Amino acid sequence: MIAHNSKSKNARYGMLVDIDRCTGCGACMIACAVENNVPPAAPTANERTGITPMRVVRYEHAGRTAFVPMMCQQCEEETPCVAVCPQNAVELDPATGIVGQIPQRCLGCRYCMAACPYHARYFNWADPAWPAGMEKALNPAVAPRMRGVVEKCNFCHGRWHEAKELAVANNETGPVAYTPACVEACPSRAITFGDLNDASSQVNELARQQGAFRLLDSIGTEPKVYYHSRRDWVQAAAGNSKETHRG
Amino acid sequence: MAHLRRDFLIFTGGAGAGLALSPAPWRLIGDTALWSQNWSWIPKTPRGEISYKPTVCELCPAGCAVRARLAGTQPVSLWAAPQGGNTAPLCPAGLCGHHLAFHPSRLRTTWREGKPCAANAPVEAAAKAIASAQGAVAVLDLRPGRTASLLYRKHLAKLGGHYLTVTPTLGSTLQSIAETTQGPAVPAFDLDNTGVLLSIGTPVLEAWDAPGRMLNPSRKFRLWHAEALESATALAAERWFRIRPNSETAFAAGLVAAIDGDRATLRQAADLTGISESELTAAAHDLLKSNAVAVADTHPVLGPPARETLRAVACLNARLGAIGRKGGIIGRNETPLPKTWGPLALETSLDGVPDASLHFLFIDDATPGAPLPWKAIASKLAPGAVVVSASWSTNGLARQANYALPAISYLEGLHDVPTPPASASARFALSLPLVEPAAKAIEPVEWFGRLAGDEMKLADRLKERASAIYPGKRGEMHPASGEVVRVSTLKSAEEFWTAAMAGGRWQDDAEALTLKAGRTPQPPFHLESAATLELVPTAWMGADVSPLMTKLWVESSLKPRTQQVFLHPDTARRLALEHGARARITSSCGECSVEVALDAAVQPGVLQMAAGQAWFALCETRDGALRAEAKKVVRA
């Protein structure tokens, strides 16, 4: 599903994460939380109840470690979460290929969380709360989500909106170029983002190179997030979720 | 006309059917959904015109260029700014630095023994203590190298006191080189021309220089790293020597022995480090051919390296010919100082102060959560000594000091950022105030200056310093946007100051000064074997970070929690512990209870735990470094 020689009218935004470059610093996680107004941990939060739309998972194999940034894999037509949502609160945007989550429609049934094979969805168990005064430092472009709804990575849709508005103001048409927060923040330049439909884009080129793969590719969800590693054991683990991991 | 029951039913049914066909019920359902999910207590995002302002991050010595995004007057996010043709992304702490002003642990009023008191109480106590101290006065500066640090030294010269640091201004490796060289040149790493940077336990990619610069795939030098833990630096290094814990001295000594052909020391080093003799020999010869330089520096969270390690690394650098060589350790000029500021008190290590000798200590706790156990300070205090700490957080040394002063935090004040150790040329850059300081917050150096009779503001002193840089007409001003400007083209010192206040960074371009290798330390070095159960600290979520860092420490286990110990499954089996069990660890200094987590990536025989209060309770200072050995580990 990667374009080879054409530039489509619609974008299919995708990402490639070079696992060999990731040092597990966590800058992408923090940048994501700052950009998308994800609050700090509630007093009762833990690994299972915390909200980390971008989560770096530490993966161990025979005493060796790899860090794998995990986010919504932005599945294609067979998107499990879209299929199971009774509220139409999850939609695949044909203009961008981004799987969007609409909190106002979400009733909190969490079917989508159960359906997601990548465990990339998080539930707001508590009202979003920041230490006193810190709400003044929230990103004005993104509304905080309320208790009782599911959330996930949307490739920084707020940034896409800003880029789109700017393009419209400049009378530009077609897909717009923008950069999600995690990509901007990564100090080791491990994440590349762009339009997979654009054959000349860097992400398109990288996704076609040797060593690029998608997680659980065999189940046919057609994710738009690609990974890359030259290490065999990392590639082998991509389709195997039974290995021990911390993160 | 009579109204029958049938009419009533027809009316009710018709009304119901009509209502169902109208938009009212559907609108009501929609609105109910919105009302039920948009409570008044859900925080509202700030409103205001979006603008961008440049500044410099002052949270660590790297001094990354920052582009702050503001909504109205409030910074809402911080991103890396391109400067000098290079965009170096920020570290996680830098990305959320704008939250620090709202930290729940913010110290908002003056404290006496942990309780609020009048703002003039510490002034009176300090003045009385200084008057009776007869020179036994000191300032402990936890972020040396700033203009504020120089002002402390100026004031202390007047008071006859000591200027103390834990991490030397130059960094540990360069300080050890500076002690052996002569002349005005300040040692500096010339990384732009280095072939191989050999890091010995130094967090080169994590907290040494701007992470974006160090992690940049197009950087010129190759990185070799020696460390017991699989840190981020170890993972990203071209070559990682997985040495045994606390065998850094043996590793450096082994490389020296390989160059010298000292077979006995080489064998001993191989035994202690776990790196074979042949590998050490091959590495040493590769380094000799690669324009290499070695570094062993203080970890901002874990503490300084042992003095013997620094001696061995200084000797290794001399053997590699790195001292005074292009691509090694070269001499650079200092950022100029106003002539009227001298004389300055000498910089002394906290370790170097005699025990029970200080009657008044002022702590500039600019980095609350630094790797400094209170016992290391307490041993230097005379009975009845007065300790005043200035910090923006209640989590640092504020709890132990007699008085704690609420200091301004990042983005609240005008500060300069010191030249980082990895910079081959002197710098001057300003971290600008983007938000109003908290009520009652003070500038620590101004507070201390008043005790020495100096009423001048830090901002004025910074301007004085900029005025001292300008007359040399050296170097370039790297503006936040636009082209680099040569200082010689600026018309006045005022113009230079205006450019600095607009987010510009001055970078010296003077020729490297001659740095002559002096009398460097020589072998033999004291080599110590690792303990049977060595406790090794890893970075922890210190007090000086945004509450959002819970993403890394609480809401995921990317980083180890402070109350957790990681050990190899074989070690756990030997100690009869399993994953999730509680264990009580006893060292020669104390004990603590922690949760056990198994991790095959940890070396056998090593107990890896996050630094923090549990670690501080167990460790002691040995040869200048924090170290702990587990005497007993039992199930709690």
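Structural data are supplied above this passage.
Residues numbered from 1 in each chain as written. Chains lettered and ligands numbered in written order. Predicted model: local features only at pLDDT ≥ 70, side-chain atom pairs only at ≥ 80, totals over all residues. Heavy atoms only, no water.

Participant: Any details on the overall build of chain B? Residues and values, ideally.
Facilitator: From N to C terminus, chain B includes 20 helices and 32 strands. Principal-axis analysis of the C-alpha atoms places the extent of chain B at approximately 120 × 70 × 55 Å. Out of the 636 residues in chain B, the part that is buried amounts to 57%. Looking at chain B as shown, the accessible area adds up to about 25,700 Å², and 55% of this sits on carbon and sulfur atoms. Averaging the coordinates of the 64 positive side-chain charges in chain B and doing the same for the 58 negative ones gives two points 3 Å apart. (Helix = DSSP H or I, 4+ residues; strand = E, 2+ residues; numbered from the N terminus. Buried < 20%, exposed > 50% of the residue type's maximum accessible area, 1.4 Å probe, protein only. Areas by Shrake-Rupley, 256 points an atom, 1.4 Å probe, with all protein chains shown as cover. Lys, Arg positive; Asp, Glu negative; His and termini not counted. Charge placed at Lys NZ, Arg CZ, Asp CG, Glu CD.)

Participant: Account for the overall build of chain A, with residues named and values stated.
Facilitator: Each helix and strand in chain A was counted, giving seven helices and 11 strands. For 247 residues, the compact-globule estimate of 2.2 N^0.38 gives 18 Å, and the C-alpha radius of gyration of chain A, at 18 Å, lies within 12% of that figure. With the C-alpha coordinates aligned to their principal axes, the bounding extent of chain A is approximately 55 × 50 × 35 Å. Within chain A, buried positions represent 59% of all 247 residues. Excluding contacts between residues fewer than 6 apart, the proportion of contacts in chain A whose partners are at least 24 apart in sequence is 68%. Accessible area of chain A: about 10,500 Å², with a carbon and sulfur share of 50%. Charged side chains of chain A number 25 positive and 24 negative; the gap between the two group centres comes to 4 Å. (Rg over C-alpha atoms; globule rule 2.2 N^0.38 Å. Contact = heavy atoms within 4.5 Å.)

Participant: Report on the sheet that holds strand β12 (residues 222-226) of chain B, specifying residues and quantitative values.
Facilitator: Pairing between sheet strands relies on hydrogen bonds along the backbone, with the strands arranged either parallel or antiparallel. Residues and elements named next belong to chain B. Within the open sheet, the four strands sit side by side as β13-β12-β11-β14. Their pairing is parallel. Taken across any chain shown, the strands that pair with only one partner, and hence form the sheet edges, are β13 (239-241) and β14 (292-295). Within the sheet, the average angular offset between the axes of one strand and its neighbour, ignoring direction, is 20°. Against the sheet, helix α10 (residues 248-260) touches β11 (196-200), β12 and β13, its axis set at about 140° to β11. Relative to the sheet, helix α13 (residues 307-319) contacts β11 and β14, its axis offset from that of β14 by approximately 175°. (Pairing = 2+ DSSP bridges. Axes fitted to C-alpha atoms, helices over the stretch in contact; angles between N-to-C directions.)

Participant: Outline the packing of α10 of chain B against α13 of chain B, supporting the account with residue identities and numerical values.
Facilitator: Residues and elements named next belong to chain B. At a minimum axis distance of 8 Å, the contact between α10 and α13 shows a crossing angle of 30°. Classified by the interaxial angle, the pair formed by α10 and α13 is roughly parallel. When you trace α10 past α13, the crossing you get is left-handed. Here E248, T249, A252, A253, L255, V256, I259 and D260 of α10 come into contact with α13, specifically with E308, T309, A312, V313, C315, L316 and R319. Partitioned by chemical class, the residues of the contact of α10 with α13 number nine nonpolar, two polar and four charged. (Parallel < 35°, antiparallel > 145°, perpendicular 65-115°, else oblique. Left-handed = near helix turned anticlockwise from the far one by under 90°. Nonpolar A, V, L, I, M, F, W, Y, C, P; charged D, E, K, R; others polar.)

Participant: If you had to explain the nonpolar core to someone new, which residues and values would you point to?
Facilitator: Core analysis: the biggest nonpolar cluster contains 131 residues, and Y227 of chain A together with F360, F362 and F496 of chain B have the highest contact counts within it. Counting residues per element, this core draws most heavily on helix α1 (residues 27-35) of chain A, which supplies eight residues. Contacts of F360 of chain B, omitting those with residues within four sequence positions, involve A126, A129, I130, A136, V137, A138, V386, V388, F448 and L451 of chain B. Ranked by size, the runner-up nonpolar core spans 35 residues in total, among them A257, I275, L316 and L320 of chain B. (Core = buried A, V, L, I, M, F, W, Y, C linked by side-chain atoms within 4.5 Å.)

Participant: Which residues make up the interface of chain A and chain B, and what are the values?
Facilitator: Often, the extent of an interface is quoted as the loss of accessible area upon association of its parts. Facing 62 residues of chain A, the contacting portion of chain B comprises 57 residues. Both sides together, the interface formed by chain A and chain B hides about 4,900 Å², and carbon and sulfur atoms give 63% of it. If you look at where chain A meets chain B, you find four salt bridges. With a shortest N-O distance of 3.0 Å, E162 of chain A and R69 of chain B are connected by a salt bridge. When residues of the side of chain A that touches chain B are traced back to their parent elements, those giving at least two are α1, β2 (55-61), β3 (64-70), α4 (157-169) and α5 (181-185) of chain A. Considering every element that reaches the side of chain A that touches chain B, the biggest residue donor is α1 of chain A, with seven residues. (Buried area = accessible area lost by both parts, 1.4 Å probe. Salt bridge = Lys/Arg side-chain N within 4 Å of Asp/Glu carboxyl O.)

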